[in-house]
Amino acid sequence: MLLEETKKIHIKDLKIRSLTTARKKLLYRLKLYTVFDVLTYFPIRYEDRTELKNFSDIMRDIYKSLNGKVNGTVIAEVIDYEYVKVSDRKILKIIVTDGEIKAELVCYNREFLANVLKVGVRYIITGIWEYKYNRLQSATFDYAELGNQGYKKDEFGVVLPIYSSTEGVRQRTVRKTIHIIVDEFADKIDDELPEYVMEGRNLMSLGKVIKILHKPQKMEHISIARRNFVYYEFMKMNLVIEYSRVEEKKVDKGSRYRSTKLADEFVSSLPFELTSAQIRVIEEIKRDMLSNKVMHRLIQGDVGSGKTIVGLYAMLVAVDNGYQSALMVPTEVLAVQHYINISNLLSKFAKYHNINVRILKGGLSSQTRRLLNFEMEYGRSHIVIGTHALFQDDVVFKNLGLVVIDEQHRFGVEQRAKLVNKGFHPDVLVMTATPIPRTLTMTLYGNLDLSVIDEMPYGRKKIITNWYKDIDTRLVYEKVREELKKGFKAYFIYPIIEDSEDLTDLKSLVEAYEHLSNDVFPEYKVGMLHGKMTPEEKYEVMDKFKKGEINILASTTVIEVGIDVPDATVIVIEGAERFGLSQLHQLRGRVGRSSFQSYCYLITSDRISQEAVERMKAMVKCEDGFAISEIDLRLRGPGELLGYQQSGIPEFILADLIKDEDILKLTKEDARKILSKDPDLSDPKNQKIKSLVQKEKQRIFVVKSG
Ligand code: ADP
Ligand code: MG
C-alpha cells in the first residue's frame, strides 16, 4: 500500500494482539489516530547507546566537542553520595567510578535516587556529560542495574529513539507502542517513485526509510534515512509543480495580440524614463503576450521599484488588441489608489480617452453595480480594478485576456484560479512586493516564470534608518518636525492588531493621535487611519494626506501595502519590536518614493529580546528587500514570514525548505528532467509518477480558506 493510504487505516480498527486497548488510548492521547499518523510520528531525537565507553573516552570527547557536552554510555559503580547546598536547596550527587576516573550524577529533583542507586552496585549509565567544577558530571542520565541478566537489552547497546510525549506518558511505553505499528506496517509500504528514479539517486525504499527513522541501528543511518524521506517529500511537490507547468504550456491561446503600439506610446509619453530593469521586464512580458502560449509570469520587485507601470503596460497591450484586463488587489484602499493613478496616467492623453477604466468594489449601489456588470459582460469596460469582489459569481467578462494580480501573497492559489476561469486561458501576471527569498519562490511560484525588477527609479536615495529607544522619542519628534517644516509629510505607525475585537488597541491609537495633534505637533494637521474605518473613510483620509490637507498620518499597518505618497519623507514606527522584519521593510517602503531624502525611525521599548535587536539592526544596516527577507526567513521560518494561511506553502513532515535547500534543488532538477523527456507522463515506466501527480495535485493545491 502507499503511505497515503495508511491515512485510511484507523488505530481503533486495528486488531494486533500486542496493541492493547491501553496502548491504543495512549496513541489517542498523542493525537495519533491513523497508521499514517503513527508512521510519520518521527522521533524528536536519538541517543547513541551503541558503544560502551569509559570516562577517559568521554573526557576526550568533551575536549573535542564544540559545546563541551557529549552523549555517552559507561558501566560504573556507585561509591558514595554527597549533598550540596545551592541557595536554600539540597541537591543530591551520586559519585560513581569506572575503576579509574570518578564522576558525579547530579540529581535535580530526583532525591529518591539515593534509595535506588546503591553503593557497591554496578550500573550501565547513559547520559549527557560535561566537565564542570573540576569534575566530570551528568545531570541528564538514564541507568539500568547491571545484574545477573545484564541490562535491559532493548534500551542499551542500541540507538534509542526519543519521541515527543505528553505529561504522564512514559517514554518507554510510547516507544514500544509506536514500534508495534512500525513493525506491522513499515514493510508493507510501497514505493511511490519508479525504480529507475530511485536507482538514479540511490534511494532506499520508503518502507525501509520509515523503519530506520523509528528503529535505527546506527546513528549514521539516521541522517541518510532522513535525507531520503525529504527527497520523497520534495520530489512529490516538484513533480506536481513541473507537471502543471508543462500542462499550462501546452495550451495554445492563438495569436491573440498582434500590436503593442498603444502600450509603447504610453510608455514614451511618461514624464520619466523607465529603469533598465523595467524595460527588460516589459520586453519579457511582450514576448510572452505576443506568443501563442499563455503567460504565467511573476514579477518580483522591491517596494517602490515601479511595478504598476509594468502591469499597466501589459493591460494596454490587451486593450489595444480588443481584450479586457482585470487588476486584482488585496484591499479597497489600494484599488481606489490604483484606479485614480491609472485613470490619471491615461487621461493625460487624448487618444486614450476611449479606454474605460472601472473599479469594482463593495458598497456600490445595486444600480451602479448592475451597470458595471453589464459593461463587463459586453466588453464596454476595458480595465477593471477590484478586490475579492472580482471573482464573485455574477462577474462575467466578455473577453478577459489578462489578469494582473498585485501583492499576490494575500491571495490563495484557489482565488487566483477563480479569476482566471472567468476568461479563456487569460494571460496571468502576478506582481509581488513581498520580497520572497529565492528558495521559497521556487516552491510557491514554481509554475510561474520569474522576472525581477532589481533596480530603483533613477535618483532615489537610500532611506536613512535609525533605531531609538522610547526614552529618545522627543528627539525623533524634533527630527520629524524638521521635515514637516520643509513641507514634507510624515507617517506614524502603531502596532495595532488590525482585526482584533479589542477596543483598547484602538483607544491607544486614538490616544497617540491626540497626543501628536494636541501636544507634539499643534501647528500641523494630523489624520488617523485604521482598519475599523470604512473604505470610504479610509480613502478620504488618504486623499487629504496626498493633497497636503493633512501633514501627519497616524496609522495602523493598514498603510502597509502599496500606498504611494511621494512627498511623505518620514516614517516613525512605534513599538517597532512588535513587527516582523519583512513587515518593517514594507512599512519603510512607504517613504523614499521620490528623489527626496527620506528617513525611517524605529522606536522600541528599552528592553527588547535579542531576536528583536537583530531585527532592528538588520533594518538599520540593510535596505535590500531580498536580503531582509532572507534574514527574516532565518529568524522566523517561512510559515511566520508569509503566514501559513495565505502563503500556500505546502506542509511537510520532515522536509525544511531552508535547511534542506540542497535536496530541494536536486528534486527540482530531477522532476524537470523527467517531465522534459515525457511531458504527458505517458511512458509506461512513469505510470507511478502519473498517478502520484494526479493525487498530489489535489492535496498540495487545496488552499485553506480563511
Ligand atoms: P511598487 O513597485 O512598489 O508598486 P509603484 O509602481 O507604486 O511601486 O511606483 C512607485 C512610484 O515610482 C510611483 O509614484 C511611480 O509613478 C514611480 N515610478 C515608477 N517608475 C518610475 C521611473 N522609472 N522613474 C521615476 N519614477 C517612477
Ligand atoms: Mg505596487
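Everything below is about the structure shown above.
Conventions we followed
- Residues numbered from 1 in each chain as written.
- Chains lettered and ligands numbered in written order.
- Predicted model: local features only at pLDDT ≥ 70, side-chain atom pairs only at ≥ 80, totals over all residues.
- Heavy atoms only, no water.
- Core = buried A, V, L, I, M, F, W, Y, C linked by side-chain atoms within 4.5 Å.
- Buried < 20%, exposed > 50% of the residue type's maximum accessible area, 1.4 Å probe, protein only.
- Helix = DSSP H or I, 4+ residues; strand = E, 2+ residues; numbered from the N terminus.
- Phe/Tyr/Trp six-rings, centres within 6.5 Å; stacked < 30°, edge-to-face > 60°.
- Salt bridge = Lys/Arg side-chain N within 4 Å of Asp/Glu carboxyl O.
- Pairing = 2+ DSSP bridges.
- Axes fitted to C-alpha atoms, helices over the stretch in contact; angles between N-to-C directions.
- Contact = heavy atoms within 4.5 Å.
- Near = heavy atom within 4 Å.
- Polar contact = N/O pair within 3.5 Å; in protein donor to acceptor, adjacent residues only side chain to side chain.
- 1 Å grid on protein atoms, 1.4 Å probe; cavity = no way out; pocket = protein on both sides within 12 Å on 5 of 7 lines; lining within 4 Å.
- Sits in = over half its atoms within 2 Å of the grid points.
- Nonpolar A, V, L, I, M, F, W, Y, C, P; charged D, E, K, R; others polar.
- Expected span 1.5 Å × (residues − 1).
- Points joined across faces, edges and corners; volume = space filled by probe spheres on them.

**Student:** Help me understand the nonpolar core, please; the structure alone is not making it clear to me.
**Tutor:** Counting 76 residues, the largest nonpolar core has Tyr491, Ile559 and Ile573 as its most contacted members. Among the elements that make up this core, the one with the highest residue count is helix α11 (residues 307-320) (10 residues). Core analysis: the next-biggest nonpolar cluster, separate from the first, contains 65 residues, Val197, Leu239, Ile658 and Ile663 among them.

**Student:** Please clarify how the packing of aromatic side chains should be interpreted in this entry.
**Tutor:** What describes a pair of aromatic rings is the distance from one ring centre to the other and the angle between the planes of the rings. Considering all chains together, one arrives at 16 aromatic pairs under this definition. Between Tyr123 and Tyr143, the aromatic rings sit 6.5 Å apart at their centres with planes inclined by 85 degrees, giving edge-to-face as the arrangement. Here Tyr143 lies in strand β7 (residues 135-145) and Tyr123 lies in strand β6 (residues 122-132), a separation of 20 residues in the sequence. Its relative accessible area of 2% is what places Tyr123 among the buried residues. Between Tyr477 and Phe521, the aromatic rings sit 6.0 Å apart at their centres with planes inclined by 70 degrees, giving edge-to-face as the arrangement. With a gap of 44 residues between them, Tyr477 in helix α16 (residues 473-485) and Phe521 in the loop between α17 (503-520) and β18 (526-529) connect regions that are remote in the sequence.

**Student:** Explain the pattern of salt bridges here, please?
**Tutor:** Side chains bearing opposite charge may pair, as long as their charged atoms lie close to each other. What the rule picks out here adds up to 40 salt bridges. Across the pair Asp264 and Lys286 runs a salt bridge, and its minimum N-O distance is 4.0 Å. Placement of Asp264 in helix α9 (residues 261-268) and of Lys286 in helix α10 (residues 276-290) is noted, with a sequence separation of 22 residues between them. Measuring nitrogen to oxygen at the nearest pair gives 3.0 Å for the salt bridge that ties Glu478 to Arg481. Linking Glu478 with Arg481, this pair stays in helix α16, spanning three residues, or about one helical turn. Look at Glu478 and you get partly exposed, because its relative accessible area is 36%. Members of the salt-bridge network, linked through shared partners, are Glu82, Lys93, Glu104 and Arg135.

**Student:** It is not clear to me how the sheet that holds strand β17 (residues 489-493) should be interpreted in this structure. Could you clarify?
**Tutor:** If you walk across this open sheet you meet the six strands as β16-β21-β20-β17-β19-β18, and the pairing is parallel. Strands with a single pairing partner mark the edges of an open sheet, and in this sheet they are β16 (464-469) and β18. This sheet shows a mean twist of 20 degrees between the axes of neighbouring strands, independent of strand direction. Across four bridges, β18 lies against strand β19 (residues 552-555) in parallel orientation. Pairing of Leu529 across the sheet is with Ser555, part of β19. In the packing of α16 onto the sheet, contacts are made with β16, β17, β19, β20 (568-574) and β21 (599-604), and the angle to β20 comes to roughly 165 degrees. Sheet strands in contact with helix α18 (residues 535-547) are β17, β18, β19 and β20, and its direction is about 140 degrees off that of β17.

**Student:** Any chance you could explain the sheet that holds strand β10 (residues 324-328) here in plain terms?
**Tutor:** Within a sheet, neighbouring strands are paired by backbone hydrogen bonds and run either parallel or antiparallel to one another. Here we have seven strands laid out as an open sheet, ordered β11-β12-β10-β13-β14-β9-β15, and parallel in their pairing. Looking at the sheet topology across the chains shown, the edges are occupied by β11 (357-360) and β15 (449-453). The average angle at which neighbouring strand axes cross in this sheet is 20 degrees, direction not considered. Alignment of β10 against strand β12 (residues 383-386), held across four bridges, turns out to be parallel. What sits directly across from Leu327, in β12, is Ile385.

**Student:** Quick question: what am I supposed to make of the environment of Gly200 here?
**Tutor:** With respect to the secondary-structure elements, Gly200 resides in helix α6 (residues 195-200). Once the C-alpha coordinates of Gly200 and Asp670 are considered, the two residues, 470 residues apart in sequence, prove to be 9.4 Å apart.

**Student:** Before we go on, may I ask you to explain the pairing of strand β14 (residues 427-432) in this structure?
**Tutor:** The side chains of a regular strand alternate, first on one face of the sheet and then on the other. Among the six residues in β14, six count as buried, and that is most of the element. With burial as the criterion, each face of β14 is covered, one bearing Asp427, Leu429 and Met431 and the other bearing Val428, Val430 and Thr432. In this structure, strand β9 (residues 296-301) lies alongside β14, joined through five bridges in parallel fashion. Considered in β14, the bridge of Gln300 is made with Thr432. Summarising the sheet, strand β13 (residues 400-406) and β14 pair through five bridges and their orientation is parallel. Pairing of Asp406 across the sheet is with Met431, part of β14.

**Student:** Is there a simple way to think about the site of ligand 1 in this case?
**Tutor:** Of all residues adjacent to ligand 1, which total 16 residues, the nearest are Glu273, Gly304, Lys307, Thr308 and Asp564. The backbone of Glu273 places a nitrogen or oxygen atom 2.8 Å from a nitrogen atom of ligand 1. One of the side-chain nitrogen or oxygen atoms of Lys307 is found 2.7 Å away from an oxygen atom of ligand 1. The cavity that encloses ligand 1 is the second largest pocket. Residues that form the shell around ligand 1 fall into these classes: four nonpolar, six polar and six charged.

**Student:** Please explain α10 as it appears in this structure.
**Tutor:** Residues that lie three or four places apart on an α-helix share one face, since the helix turns once every 3.6 residues. With 15 residues, α10 extends 21 Å between its outermost C-alpha atoms, agreeing within 8% with the 21 Å of an ideal straight helix rising 1.5 Å per residue. Looking at the buried residues of α10, the elements they touch are α9, β9, α11, β13, β14 and β15.

**Student:** Would you take a moment to explain the layout of surface pockets for this structure?
**Tutor:** The rolling of a water-molecule-sized probe over the atoms marks out the regions of remaining empty space. Of the pockets and cavities examined, the second largest pocket occupies roughly 1000 Å³. Phe272, Asn341, Asp564, Pro566 and Arg593 are the residues nearest the centre of the second largest pocket, which is lined by 39 residues in total. Looking at the lining of the second largest pocket, the elements that each hand over two or more residues are α11, α12 (332-347) and α18. Among the residues forming the lining of the second largest pocket, the class breakdown is 15 nonpolar, 12 polar and 12 charged.

**Student:** So what exactly am I meant to see when it comes to the side chain of Thr473 here?
**Tutor:** Within the fold, Thr473 resides in helix α16. Since its relative accessible area comes to 13%, Thr473 is described here as buried. A distance of 2.4 Å separates a polar atom in the side chain of Thr473 from the backbone oxygen of Asp470.

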